[in-house]
Amino acid sequence: MNTGIFQTSIGNDLAIAADWLRQSELVAIPTETVYGLAGNALKEESVLKIFLAKDRPRFNPLILHVPDIDAVKKYVLGISSVMELLMNTFSPGPITFLLDKNPALVSDVVTAGSSKVAVRIPAHPITQALLKQLDFPLVAPSANRFGYVSPVTAAHVYEGLQGRIPYILDGGTCTVGVESTIVDEEDGQLIIRRTGKVSVEDIARIAGVTPVLKTHAEDHPVAPGMLKTHYATHTPLYLGNATDTSAMAAGKKVIIMGWGSEESIAASYHFQGTTILLQVVSLSNDCRIDEVASKLFASMRNADNMGAEAILVEPFPNEGIGQAINDRLQRASVLH
């Protein structure tokens with residue numbers, strides 16, 4: 001099987017998108033988090049095309065996208081009271097739930113052999129409208145080549161998947177900017193498998209218990225986004241203390257990223273010798289962490305195209321969505 005060669009087009013026609021999906025082809029779809037590469041979750045032919053188009057390893061599971069909680073219940077064996085409470089509170093939205101799958105409907109190809117399936121109800125109105133037109137759920141990992149920075153615009157998708165898919169459904173720039181939080185439950189304990197917009201604190205407030213963070217897995221991840229190296233730019237990215245990374249970048253052409261004014265960001269770094277500072281990128285002039293998240297992946301992609309030899313960034317406050325930002329930067333960093 002191969003992915004075929006397409007004249008990839010970008011548009012906002014739901015009928016065209018739905019028609020391609022009914023033919024078991026792939027369509028890039030907008031969500032509030034990042035763009036997803038969608039296929040018919042009930043057709044293994046379609047699901048396998050996703051792995052091929054992305055160059056994604058088959059051991060990395062996919063997320064099922066459905067329009068509402070009633071649809072979730074169709075594809076799982078049950079939902080605990082605490083998971084249903086979280087679902088009712090945060091969905092539709094940037095949160096994914098790992099639940100025992102209905103094996104009669106959900107293939108092992110979707111879950112990489114796991115008995116659990118990741119399910120989410122996206123909030124983007126265009127994708128909500130698309131899901132309601134279809135009589136099948138969609139699987140949709142991020143719409144980029146595997147391991148690279150996730151796309152937050154239709155143009156980003158086109159850069160990576162041109163010729164590999166027929167259609168990109170354009171829904172504008174994604175508002176959240178980082179992938180969904182993934183929540184699991186084992187032996188009555190809540191577990192965060194991937195951090196995101198819905199924070200540990202948010203979940204603890206609703207559930208009445210603080211979830212445990214278990215966000216790393218190398219060989220057989222139980223959820224997407226758990227691999228040690230992911231979301232990476234081609235240009236080496238260094239996450240760490242400004243003094244340390246300044247020394248590591250000595251003699252290179254560098255871009256630095258942070259928040260606050262460009263002057264305040266630059267003041268943290270002390271370059272010597274032949275180091276060339278190409279650009280200072282502020283992800284939020286007034287230090288708003290949500291704005292940092294929304295601009296992160298686009299700024300990483302832009303920096304990757306500037307001809308730099310290193311991208312330097314300091315960690316952000318590790319709370320709320322800042323935890324998810326630092327997680328993505330750590331996985332993208334050459335300093336693990």
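Predicted model only: the values in this text are computed from it and were never measured.

1. Notes on the overall build of the chain
Reasoning step 1: A count of helical and extended segments in the chain gives 12 helices and 15 strands.
Reasoning step 2: For the chain, whose C-alpha radius of gyration is 20 Å, the value lies close to the compact-globule estimate of 20 Å for 336 residues.
Reasoning step 3: Taking the principal axes of its C-alpha atoms as reference, the chain extends roughly 65 × 50 × 35 Å.
Reasoning step 4: Here the chain holds 336 residues, and 58% of them are scored as buried.
Reasoning step 5: Taking the intrachain contacts of the chain between residues at least 6 apart in sequence as the baseline, contacts between residues at least 24 apart amount to 70%.
Reasoning step 6: The positive charge centre, built from 27 side chains, and the negative charge centre, built from 35, are 4 Å apart in the chain.

2. Some details on the sheet that holds strand β3 (residues 36–40)
Reasoning step 1: With respect to topology, 11 strands assemble into an open sheet ordered β1-β8-β2-β3-β7-β4-β6-β5-β9-β10-β11, the strand pairing being mixed. Each having just a single partner strand, β1 (9–11) and β11 (212–213) make up the two edges of the open sheet.
Reasoning step 2: Taken together, the 2 bridges between strand β2 (residues 27–29) and strand β8 (residues 167–169) define a ladder with parallel strand orientation. When the bridges of β8 are listed, alanine 28 appears paired with isoleucine 168.
Reasoning step 3: Across the sheet, helix α2 (residues 44–54) touches β3 and β7 (138–139), and the angle it forms with β3 is around 150°.

3. With respect to empty space enclosed by the protein
Reasoning step 1: Inspection of the entire model under this criterion finds 3 cavities of 30 Å³ or more.
Reasoning step 2: Roughly 270 Å³ of volume is contained in the largest cavity.
Reasoning step 3: Every residue lining the largest cavity is counted, 28 residues in all, and those nearest its centre are Ala140, Pro141, Ser142, Glu179 and Arg194.
Reasoning step 4: Residues that form the lining of the largest cavity fall into these classes: 11 nonpolar, 12 polar and 5 charged.

4. Thoughts on the pairing of strand β13 (residues 253–258)
Reasoning step 1: The element β13 is largely enclosed, with a buried count of 5 among its 6 residues.
Reasoning step 2: As paired elements, β13 and strand β14 (residues 276–282) share 6 bridges and run parallel to each other. The residue bridging glycine 258 from the neighbouring strand is serine 282, located in β14.
Reasoning step 3: Two strands pair when backbone bridges link them, and β13 and strand β15 (residues 310–313) are joined in this way by 4 bridges, in the parallel orientation. Across the sheet, methionine 257 pairs through a bridge with valine 313, a residue of β15.

5. Thoughts on the sheet that holds β14
Within a sheet, neighbouring strands are paired by backbone hydrogen bonds and run either parallel or antiparallel to one another.
Reasoning step 1: With parallel pairing, 4 strands are arranged side by side in an open sheet as β12-β15-β13-β14. Strand pairing shows two members of the sheet lacking a second neighbour, β12 (237–239) and β14, which therefore form its edges. Ignoring strand direction, the axes of neighbouring strands in this sheet form an average angle of 20°.
Reasoning step 2: Where β12 and β15 come together, 3 bridges link them in parallel fashion.

6. A look at the packing of aromatic side chains
Reasoning step 1: Inspection of every chain in the model, using the stated rule, returns 4 aromatic pairs.
Reasoning step 2: A ring pair is formed by phenylalanine 6 and tryptophan 20, whose centres lie 6.1 Å apart and whose planes are at 85°; its orientation type is edge-to-face. You can see phenylalanine 6 sitting in the segment before β1 and its partner tryptophan 20 sitting in helix α1 (residues 14–22), a full 14 residues away along the chain.
Reasoning step 3: Since its relative accessible area comes to 18%, phenylalanine 6 is described here as buried.

7. Some points on unusual backbone geometry
Reasoning step 1: With omega at -5°, the peptide bond leading from serine 91 into proline 92 counts as cis.
Reasoning step 2: With respect to the element layout, proline 92 can be found in the loop between α4 (81–90) and β5 (95–100).
Reasoning step 3: Positive phi, normally seen in glycine, also occurs at aspartate 55, with a value near 55°.
Reasoning step 4: Relative to the helices and strands, aspartate 55 resides in the loop between α2 and β4 (63–65).
Reasoning step 5: What makes aspartate 55 partly exposed here is its relative accessible area of 41%.
Reasoning step 6: Positive phi is not limited to glycine here, since cysteine 287 has a value of about 60°.
Reasoning step 7: Considering the arrangement of structural elements, one finds cysteine 287 in the loop between β14 and α11 (289–304).

8. So, the environment of isoleucine 321
Reasoning step 1: As for its position among the elements, isoleucine 321 is in helix α12 (residues 321–332).
Reasoning step 2: For the pair isoleucine 321 and threonine 181, spaced 140 residues apart in sequence, the C-alpha to C-alpha distance is 9.7 Å.
Reasoning step 3: Those residues in contact with isoleucine 321 that sit more than four places away from it in its chain are Val176, Val178, Gly196, Lys197, Ile289, Asp290 and Ala293.

9. A few points about the nonpolar core
Generally speaking, a soluble globular protein has its nonpolar side chains buried in company with each other.
Reasoning step 1: Formed by 76 residues in total, the largest nonpolar core has its most connected members in Val72, Val183, Phe297, Met300 and Leu329.
Reasoning step 2: The leading source of residues in this core is α11, at 7 residues.

Conventions used here
- Residues numbered from 1 in each chain as written.
- Predicted model: local features only at pLDDT ≥ 70, side-chain atom pairs only at ≥ 80, totals over all residues.
- Heavy atoms only, no water.
- Helix = DSSP H or I, 4+ residues; strand = E, 2+ residues; numbered from the N terminus.
- Rg over C-alpha atoms; globule rule 2.2 N^0.38 Å.
- Buried < 20%, exposed > 50% of the residue type's maximum accessible area, 1.4 Å probe, protein only.
- Contact = heavy atoms within 4.5 Å.
- Lys, Arg positive; Asp, Glu negative; His and termini not counted.
- Charge placed at Lys NZ, Arg CZ, Asp CG, Glu CD.
- Pairing = 2+ DSSP bridges.
- Axes fitted to C-alpha atoms, helices over the stretch in contact; angles between N-to-C directions.
- 1 Å grid on protein atoms, 1.4 Å probe; cavity = no way out; pocket = protein on both sides within 12 Å on 5 of 7 lines; lining within 4 Å.
- Points joined across faces, edges and corners; volume = space filled by probe spheres on them.
- Nonpolar A, V, L, I, M, F, W, Y, C, P; charged D, E, K, R; others polar.
- Phe/Tyr/Trp six-rings, centres within 6.5 Å; stacked < 30°, edge-to-face > 60°.
- Core = buried A, V, L, I, M, F, W, Y, C linked by side-chain atoms within 4.5 Å.

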